[in-house]
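Listed below, chain by chain, are the residues.
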Amino acid sequence: MFNLILFGPPGSGKGTQSARIAEKYNLVHTSTGDIFRKEIRNGSPLGLKVQSIIEKGELVPDDLLVDILRSALQRAEGIDGFVLDGFPRTLRQAEDLDMLLAEKNETVSLVLALDVDEEEIVTRLLKRAQQEGRKDDTEEVIRNRMKVYHSQTHPLMEFYDKQGKFTPIHGVGSIDNIFADICKVIDLHKP
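Worth saying up front: this structure is predicted, and the values here are computed from it rather than measured.

A. Spatial organisation of the environment of Asp187. Tracing the sequence through the fold places Asp187 in helix 8 (residues 175–189). Given a relative accessible area of 46%, Asp187 falls into the partly exposed group. Through-space distance from the C-alpha of Asp187 to that of Tyr25 is 9.8 Å; in sequence the pair is 162 residues apart. Here the side chain of Asp187 touches Tyr25 through a polar contact of 2.7 Å, side chain to side chain.

Right, dumping it as structure tokens:
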């Protein structure tokens with residue numbers, strides 16, 4: 001299996017690019033953000049718990065994310081691999097992911113990170129907030145999410161870089177151009 005992690009700050013285009021990668025390479029796109037938004041819309045206990053965390057601009061606790069990912073991995077038999085979007089976000093989650101994958105004799109194959117300037121992210125997310133009516137995308141919350149993203153994911157980039165699995169991708173430009181850059185890197189690593 002080919003298991004790809006795509007990092008990027010909120011609003012960097014992770015979801016869009018992950019879906020395209022999944023389609024082109026026959027991978028399952030697993031987005032913790034999509035799972036959480038669905039639970040919030042459904043008003044489930046998980047959704048209510050996650051909503052209060054997200055509205056503060058905080059990250060969902062590791063244990064909760066690991067449980068969700070374990071469930072997704074168990075449901076995905078007979079696939080070519082995963083695109084993980086929004087996970088892991090901490091070193092502990094990366095270690096937990098390695099353990100989960102090891103249970104299936106799998107590993108993380110490649111880690112990409114969309115690199116986008118903070119002011120570009122703020123502009124994108126404020127525009128998206130207006131278009132989609134997202135309450136969690138205020139400027140203050142966005143800047144807090146960026147701060148949290150950088151402080152928690154920078155060590156992950158180093159963790160995967162030491163394993164020779166990490167490649168940054170310039171995340172500003174057209175969706176098609178960014179996707180082409182991503183595909184060039186994947187094609188170098190995918191068997």
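B. Structural context of helix 7 (residues 139–162). For helix 7, with 24 residues, the first-to-last C-alpha span of 34 Å sits near the 34 Å given by 1.5 Å per residue. Thr153 marks the point of greatest bend in helix 7, at about 35°, and the proline Pro155 comes within the next four residues. Looking only at helix 7, the buried set comprises Val141, Ile142, Arg145, Met146, Val148, Tyr149, Thr153, Leu156, Met157, Phe159 and Tyr160. Where the residues of helix 7 are buried, they touch strand 1 (2–7), helix 3 (45–55), helix 5 (91–102), strand 4 (110–115), helix 6 (118–132) and strand 5 (166–170). Gly164, located one to two residues past helix 7, shows a positive phi value of around 75°.

C. Highlighting the packing of helix 5 against helix 7. Relative to each other, helix 5 and helix 7 sit at 40°, their axes nearing to 9 Å. Considering their axes alone, helix 5 and helix 7 lie oblique with respect to each other. Between helix 5 and helix 7, the contacting residues are Leu91, Ala94, Leu97 and Asp98 on the first element and Pro155, Leu156, Phe159 and Tyr160 on the second. Grouping the amino acids of the contact of helix 5 with helix 7 by side-chain chemistry returns seven nonpolar, no polar and one charged.

D. Structural detail: unusual backbone geometry. Despite not being glycine, Asn26 has its phi angle at roughly 55°, a positive value. Residue position: Asn26 is located in the loop between helix 1 (14–25) and strand 2 (28–31). Positive phi values are uncommon outside glycine, yet Asn105 reaches one of about 55°. Locating Asn105 in the fold gives a position in the loop between helix 5 and strand 4. Asn105 sits in the exposed class, given a relative accessible area of 72%.

E. Region of interest: the sheet that holds strand 1. The sheet built from five strands is open, its strands ordered 2-3-1-4-5 with parallel pairing. Both edges of this open sheet fall to strand 2 and strand 5, since each of them pairs with a single strand only. Going across the sheet, the axis of each strand differs from the next one's by a mean of 20°, ignoring polarity. In this sheet, strand 3 (residues 81–85) lies alongside strand 2 in parallel orientation, the contact comprising four bridges. Looking at the pairing, Ser31 lines up with Asp85 of strand 3. Where helix 7 meets the sheet, its contacts fall on strand 1, strand 4 and strand 5, and the angle it forms with strand 1 comes to roughly 145°.

Rules and cut-offs
Residues numbered from 1 in each chain as written. Predicted model: local features only at pLDDT ≥ 70, side-chain atom pairs only at ≥ 80, totals over all residues. Heavy atoms only, no water. Helix = DSSP H or I, 4+ residues; strand = E, 2+ residues; numbered from the N terminus. Buried < 20%, exposed > 50% of the residue type's maximum accessible area, 1.4 Å probe, protein only. Polar contact = N/O pair within 3.5 Å; in protein donor to acceptor, adjacent residues only side chain to side chain. Expected span 1.5 Å × (residues − 1). Bend = angle between axes of the 7 residues up to and from the residue. Contact = heavy atoms within 4.5 Å. Axes fitted to C-alpha atoms, helices over the stretch in contact; angles between N-to-C directions. Parallel < 35°, antiparallel > 145°, perpendicular 65-115°, else oblique. Nonpolar A, V, L, I, M, F, W, Y, C, P; charged D, E, K, R; others polar. Pairing = 2+ DSSP bridges.

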